[in-house]
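Close look at the chain arrangement
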Amino acid sequence: MAGPLAAFNALEKRQQITIVVAVPLLIIALLGYLSWGLLAKLGPDPKLPAFLQRPGGVWTDINAAVEGIAAQEAIIATGPQVEARLKELSDEIDLAEQRLPLEAEKTEVRQLIEKLARDISPSLGRVEFKAVRIIEGGVVKGQEYQPITYQVEIAGDLNGTIKYIDSIEKNTRFMMVKNLTLHPGALTLDAESARVVAALHQVNMEIVTYVYTAGQKKKGK
Amino acid sequence: MILINLLPPELRKRGAEFQFNPIMAGGVGGLALCVVVLFGFLWLRGELATANDILADKNTELEAKTAQAKVVTERQALIADFEKRRDTLFGLLGRKMYWARTIDEFSKQITGEWSQPGFKVSAGDLTISDIPTEKRAGGADEVRASFRWRYKIVGEENQKSGDYINSFFKTIEKGPFWASQGFISKPDDRYDGDRPRWNPGIKRVIVEGGVDWQRVKLSEFMKKGVKTPRGN
């Protein structure tokens, strides 16, 4: 047991003082060096006083992550608004698209155009449906809604023709009269009644509607 | 019994007595300082381990939040697509120009009273056609259509054919047909003269001509804040 202590006691007092001072200083220096390295790895830890906080390190990454989380949370917080806006837009689009026919409903629209002519009450005017021809606009790249044109030929008096156009324009299916040509009917003299009789006007018109072609349209008929 | 210590004082057994030794004190002080610094070092190591755990947790949380935010961002990107689609759709629907009432008003106009008495007007061929307009961003905001028709003015007095023509255009311009149906400019803007001819058989002067009017409609759906109409 007397080994190191006896050796220490055997030293001169000056040597003893040197050891007593130098050894702790060396240990402290070593620990200080290692701690300085740890401080660099730790970075700006909020538990440390400001003068010990070093740039970089784990806490810089933590702070960056916290900022990143805050930024992402801000985006997430807009979620309900985004969904509400999407729903609003979707509803508006659905509402409008319900007025457009599906591509498979072209013949139904053609039938509707003919039916509207036949539904004109004789008390309101005369309309004779003659022909209809479907002209597809052709798929234009980048256009979601492709036009379909129905070339319609009718004969009618003025009131009947106006009523027919009105019923097309006010139908829940979107149809618009794009071009129209009206040739007035000839005036002839009815020998029996001695009255001037007007023949029916010849009316050609182009009725245009659109179908959505960009994707699968989901809607009921 | 009284015990008497007969030993001289320097040989007598002494009790514990503290004697200050500077070297020992320095040694104890140095040791204490080392312990403090060691404690600080160990605390820092513990803090580093804790910080690494916190970082791992935060990174995990960040990944989860980023994934959630990505969903929102993707949905947000859809808004632009939906708005574009809605604008396109409304732009198309907004191009619709209504003709039934226009033709009705027109027929009332030409069979009605004229500011100058003594003539009647009959309509010939009527042609309505779409005029292509340049689309602005998001769709067309203006729709134009041509309204061409042939007219025949039948008047009682040959010398008044100019008055009839003047009355014809002025009455139309001031009438409800022109004012309410979105026609632009004036009815006689494209009038390029005529050649009245006297028909002795019916004793009437006849003036024939044609007009090409333009009707304009602003596509109001393109304006911000205006929603699609529920009906037509």
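Residues numbered from 1 in each chain as written. Chains lettered and ligands numbered in written order. Predicted model: local features only at pLDDT ≥ 70, side-chain atom pairs only at ≥ 80, totals over all residues. Heavy atoms only, no water.

Considering the overall build of chain B
- On a plain count of helices and strands, chain B comes out with four helices and four strands.
- Here the contacts in chain B between residues at least 6 apart in sequence split such that 73% fall between residues at least 24 apart.
- Carbon and sulfur atoms make up 55% of the accessible area of chain B, which totals about 14600 Å². (Helix = DSSP H or I, 4+ residues; strand = E, 2+ residues; numbered from the N terminus. Contact = heavy atoms within 4.5 Å. Areas by Shrake-Rupley, 256 points an atom, 1.4 Å probe, with all protein chains shown as cover.)

As for the sheet that holds strand β3 (residues 197-199) of chain B
- Taking strand neighbours across the sheet as the criterion, the eight strands line up as β1(A)-β2(A)-β6(A)-β3(A)-β1(B)-β2(B)-β4(B)-β3(B) in an open arrangement whose pairing is antiparallel. Edge positions in the sheet fall to β1 (127-136) of chain A together with β3 of chain B, since each of these pairs with one other strand and no more. Averaged over all adjacent pairs, the angle separating strand axes in this sheet is 25°, with direction ignored.
- As paired strands, strand β2 (residues 145-156) of chain A and strand β6 (residues 201-212) of chain A are joined by twelve bridges and run antiparallel to one another. Across the sheet, the residue bridging to A:T149 is A:V208, located in β6(A).
- Along the sheet, helix α5 (residues 106-118) of chain A makes contact with β1, β2 and β6 of chain A, crossing β1(A) at roughly 160°. (Pairing = 2+ DSSP bridges. Axes fitted to C-alpha atoms, helices over the stretch in contact; angles between N-to-C directions.)

Things to note about the domain arrangement of chain B
- The domain architecture assigned to chain B consists of domain 1 (34-95) and domain 2 (100-224).
- Between the C-alpha centres of domain 1 of chain B and domain 2 of chain B there is a distance of 66 Å. (Domains from an automatic or database assignment.)

Quick look at the layout of surface pockets
- Empty space within the largest pocket amounts to approximately 720 Å³.
- Contributing to the lining of the largest pocket are 25 residues, with A:P184, A:G185, A:H201, B:S122 and B:A123 lying nearest its centre.
- Among the elements of the structure, α2 (100-111), β1 (119-131), β2 (142-155) and β4 (204-218) of chain B are those that each provide at least two residues to the lining of the largest pocket.
- When its residues are assigned to classes, the lining of the largest pocket shows 14 nonpolar, seven polar and four charged. (1 Å grid on protein atoms, 1.4 Å probe; cavity = no way out; pocket = protein on both sides within 12 Å on 5 of 7 lines; lining within 4 Å. Points joined across faces, edges and corners; volume = space filled by probe spheres on them. Nonpolar A, V, L, I, M, F, W, Y, C, P; charged D, E, K, R; others polar.)

Comments concerning the pattern of salt bridges
All names here are of chain A.
- Under the definition given, this model contains 21 salt bridges over all chains.
- One salt bridge connects R110 with E114, and the closest N-O pair in it is separated by 2.4 Å. In this pair, R110 and E114 are both assigned in helix α5, four residues apart and thus about one turn of the helix distant.
- When its relative accessible area of 27% is taken as the criterion, R110 is described as partly exposed. (Salt bridge = Lys/Arg side-chain N within 4 Å of Asp/Glu carboxyl O. Buried < 20%, exposed > 50% of the residue type's maximum accessible area, 1.4 Å probe, protein only.)

Examining the environment of A:I17
Residue and element names in this part refer to chain A.
- Mapped onto the elements of the fold, I17 is located in helix α2 (residues 13-42).
- When its relative accessible area of 42% is taken as the criterion, I17 is described as partly exposed.
- Considered as a pair, I17 and T78 are 61 residues apart in the sequence and their alpha carbons are 71 Å apart.

Details of the interface of chain A and chain B
- The interface is formed by 70 residues belonging to chain A together with 64 residues belonging to chain B.
- With both chains or domains summed, chain A and chain B bury close to 6100 Å², and 72% of this area falls on carbon and sulfur atoms.
- Applying the counting criterion to the chain A and chain B interface returns 15 residue pairs in polar contact (both at pLDDT 80 or more).
- Looking at the side of chain A that touches chain B, the elements that each hand over two or more residues are α2, α3 (57-77), α4 (79-97), α6 (158-169), β3 (176-183) and β6 of chain A.
- Element by element, the count of residues in the side of chain A that touches chain B is highest for α2(A), at 15 residues. (Buried area = accessible area lost by both parts, 1.4 Å probe. Polar contact = N/O pair within 3.5 Å; in protein donor to acceptor, adjacent residues only side chain to side chain.)

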